[in-house]
Amino acid sequence: MTEADEAAALWGAAPGRLLGDRENKVHELLLPGGQRAVLRLHRPGYQGDDGIRAELTWVAALAARGLPVAAPIPTLSGALFAVLPGGRRASAVRWLPGSPLGRARAPLPGTPAEQVARFHALGALLRRLHEVTDTLTLPVPFARPAWDVDGLTGEAPVWGRFWDHPEATPTAAATLRAARAALRERLTRWQAGGLDFGPIHADALRENVLVQGDSLSLIDFDDCGTGFRLYDLGVALAQNLAEPAYPAYPALRDALCAGYGGADALMVEWFTLARCCASVGWTMPRLAAGDPIHQSHIARATALAARLL
């Protein structure tokens, strides 16, 4: 019996097709009544039990308040998540309709007008996510990663010391170090100035935003944590820097900021740089040496850093 079979049985269900295998193994889940759900087999050691519980509690509260997010489905015994015989954690969430906003390293679908409208809607959705969250009572402590000054630019960032990437050339490494210093100075100043801070999704990439007609929904809160609220906007923009039609990028940025309620575009670009740098760190323990994504992520971060610096 596979882990997916073991997990599905705890929901009285059967596992369907494999939907993804990156941070977690994600399967379609076929519930007894015929409804579809999503089964997540958590990557061992990535999030602890308190962190998984905090994530699912937050998402359940958001769904209860009408946010378009995938509400958790308790096991037959009523637990938010399960511990399998081999130690892996498993959880299940509702199936949300729609198609991804886009895919990494592929042209953004839709006409320019449709793209701008979707990014405006995404900005509005992220604003609503943050505002509703501030009305909720969440677990204390909220045992999630801290996307704060140290989590992004400290000696041990959440996703690793991006400026030490072994495949960065000396010139690229120098640019990454300069980016780290500039980011750290700004983030420290903005934090002292009271820039909005709290629970954030932290991974609103194209693949994690579903489009259904004119409506958007957010999935995959696996990297959620506490951090600068504008980091959510920076994450949403990071994949668009390499759009084939690069002149469209400012329009997407401005639409996202306007949808959020008038976020400062230049400040958001710095948070886009923060995400691009974090993604360089993300590649180091996850991808094989020589994988072309190492160089593409380094090039994206250094190009934006050179422009902002």
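Heads up: the structure comes first, above all this text.
Residues numbered from 1 in each chain as written. Predicted model: local features only at pLDDT ≥ 70, side-chain atom pairs only at ≥ 80, totals over all residues. Heavy atoms only, no water.

### Considering the sheet that holds strand S1 (residues 14-21)
For step 1, the next point in the chain: The strand order S1-S2-S3-S5-S4 describes an open sheet built from 5 strands, whose pairing is antiparallel. Strand pairing shows two members of the sheet lacking a second neighbour, S1 and strand S4 (82-83), which therefore form its edges. (Pairing = 2+ DSSP bridges. Helix = DSSP H or I, 4+ residues; strand = E, 2+ residues; numbered from the N terminus.)

### Looking at the sheet that holds strand S8 (residues 197-200)
For step 1, the next point in the chain: As summarised here, the arrangement of the 3 strands in space is S7-S11-S8, forming an open sheet in which the pairing is mixed. Looking at which strands have only one partner, the edges of the open sheet turn out to be strand S7 (146-147) and S8.
For step 2, the next point in the chain: Of the pairings in the sheet, the one linking S8 to strand S11 (residues 225-228) comprises 4 bridges and is antiparallel in character. Residue pairing in the sheet places Gly 198 in a bridge with Gly 227 of S11.

### Structural notes on empty space enclosed by the protein
For step 1, the next point in the chain: Considering all chains together, one arrives at 1 cavity of 30 Å³ or more under this definition.
For step 2, the next point in the chain: The volume enclosed by the largest cavity comes to roughly 30 Å³.
For step 3, the next point in the chain: Trp 147, Gly 151, Leu 152, Pro 157, Val 158, Trp 159, Gly 160, Phe 162 and Ala 278 together form the lining of the largest cavity.
For step 4, the next point in the chain: Its residues assigned to classes, the lining of the largest cavity comprises 7 nonpolar, 2 polar and no charged. (1 Å grid on protein atoms, 1.4 Å probe; cavity = no way out; pocket = protein on both sides within 12 Å on 5 of 7 lines; lining within 4 Å. Points joined across faces, edges and corners; volume = space filled by probe spheres on them. Nonpolar A, V, L, I, M, F, W, Y, C, P; charged D, E, K, R; others polar.)

### As for the side chain of Arg 40
For step 1, the next point in the chain: When you line up the elements, Arg 40 lands in strand S3 (residues 36-41).
For step 2, the next point in the chain: For Arg 40, a relative accessible area of 10% translates into the label buried.
For step 3, the next point in the chain: For Arg 40, the side chain forms a polar contact with the side chain of His 42, separated by 3.3 Å.
For step 4, the next point in the chain: Among the polar contacts made by the side chain of Arg 40, one reaches the side chain of Asp 222 at a distance of 3.5 Å.
For step 5, the next point in the chain: Setting aside residues up to four positions removed in sequence, Arg 40 forms contacts with Asn 24, Lys 25, Glu 55, Leu 56, Arg 89, Ala 90, Ser 91 and Asp 222. (Buried < 20%, exposed > 50% of the residue type's maximum accessible area, 1.4 Å probe, protein only. Polar contact = N/O pair within 3.5 Å; in protein donor to acceptor, adjacent residues only side chain to side chain. Contact = heavy atoms within 4.5 Å.)

### Quick word on the packing of helix H5 (residues 170-192) against helix H9 (residues 292-308)
For step 1, the next point in the chain: Running from N to C, H5 and H9 point in directions that differ by 55 degrees, and their axes come no closer than 9 Å. By the angle class used here, H5 and H9 are oblique. Classified by chirality, the crossing of H9 by H5 is left-handed. Touching Ala 172, Thr 175, Leu 176 and Ala 179 of H5 are Ile 298, Ala 301, Thr 302 and Ala 305, all from H9. (Axes fitted to C-alpha atoms, helices over the stretch in contact; angles between N-to-C directions. Parallel < 35°, antiparallel > 145°, perpendicular 65-115°, else oblique. Left-handed = near helix turned anticlockwise from the far one by under 90°.)

### Observations regarding the packing of helix H6 (residues 229-238) against helix H8 (residues 265-286)
Helices that pack against each other are described as a pair by the angle of their axes relative to one another and the distance between those axes.
For step 1, the next point in the chain: Close contact between H6 and H8 brings their axes to 7 Å; oriented N to C, the two are set at 65 degrees. Here H6 lies roughly perpendicular to H8, going by the angle between them. Handedness of the H6/H8 crossing: right-handed. Where H6 approaches H8, its residues Leu 230, Tyr 231, Leu 233, Gly 234, Val 235, Leu 237 and Ala 238 are matched on the opposing element by Met 267, Val 268, Phe 271, Thr 272, Ala 274, Arg 275, Cys 276 and Ala 278.

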